[in-house]
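Structural overview for review
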Amino acid sequence: MTDHRRRPRRRGQGELEVQVLSALREAEGPATAGWVQDRLGGDLAYTTVITILTRLLAKGAVTRERAGRSFAWTPASDEAGLAARKMRKVLDGEPDREAVLASFVTALSPDDERLLRELLGQPETERED
């Protein structure tokens, strides 16, 4: 006889990281892993939250500071900054940067291409890093 009990839905790749980062952005300051766990509804094990935070730390998406015997975590950037970091990582991993950038630009919508051209036309002192 087969067990037909419903299994919990598996999260998509990166979904937990997004949820953890979202929770950290809602915090009024650095937050502990326990706070993040509570904020996410408590259905995640504390060790799972720590694992996700440690992965995000390795990716440069969060920072941490000592808070007693544990750590308090802070997002390193907003969602746009995190997406830009991912894009740079992909670009850095490719041997032919020019081909990758050319392919990227030709695949942009006309509005996105116009925006990119406007951004590139700004003096470097006006651009945010």
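Residues numbered from 1 in each chain as written. Predicted model: local features only at pLDDT ≥ 70, side-chain atom pairs only at ≥ 80, totals over all residues. Heavy atoms only, no water.

A word on the sheet that holds strand β3 (residues 70-75). The three strands lie next to each other as β1-β3-β2, forming an open sheet whose pairing is antiparallel. Edge positions in the open sheet fall to β1 (31-32) and β2 (62-67), since each of these has one partner strand only. Judged from the six bridges that link them, β2 and β3 form a sheet pairing that is antiparallel. The residue of β3 that forms the bridge with A67 is S70. Each of β1, β2 and β3 touches helix α1 (residues 15-26); the most contacted strand, β3, lies at about 90° to it. On top of the sheet, helix α3 (residues 46-58) reaches β2 and β3; it is set at about 120° to β2, its chief contact. (Pairing = 2+ DSSP bridges. Helix = DSSP H or I, 4+ residues; strand = E, 2+ residues; numbered from the N terminus. Contact = heavy atoms within 4.5 Å. Axes fitted to C-alpha atoms, helices over the stretch in contact; angles between N-to-C directions.)

Below, the discussion takes up α3. With 13 residues, α3 extends 19 Å from end C-alpha to end C-alpha; this agrees with the ideal 18 Å at 1.5 Å per step. Within the sequence span of α3, burial applies to V49, I52, L53 and L56. The buried residues of α3 occupy an angular sector of 100° when the element is viewed end-on, so they sit on one face. In this structure, α3 carries T47 and A58 as exposed residues pointing more than 90 degrees from its buried face. Of the surrounding secondary structure, the elements contacted by the buried residues of α3 are α1, α2 (33-39), β2 and β3. One or two steps after α3, the chain reaches G60, where phi turns positive at roughly 80°. (Expected span 1.5 Å × (residues − 1). Buried < 20%, exposed > 50% of the residue type's maximum accessible area, 1.4 Å probe, protein only. Arc of directions from axis to C-beta.)

All right, on to the confidence of the model for the chain then. Confidence along the chain averages 86 in pLDDT terms, with 85% of residues attaining 70 or more. Taken element by element, the predicted model of the chain shows its lowest mean pLDDT in helix α4 (residues 79-92) (84) and its highest in β1 (97). (pLDDT = per-residue confidence, 0-100.)

Moving on to the pairing of β3. Note that β1 and β3 share two bridges and pair antiparallel. The residue of β3 that forms the bridge with T32 is A72. Once β2 ends, the chain turns through two residues before running back antiparallel as β3, passing G68 with a positive phi of about 70°.

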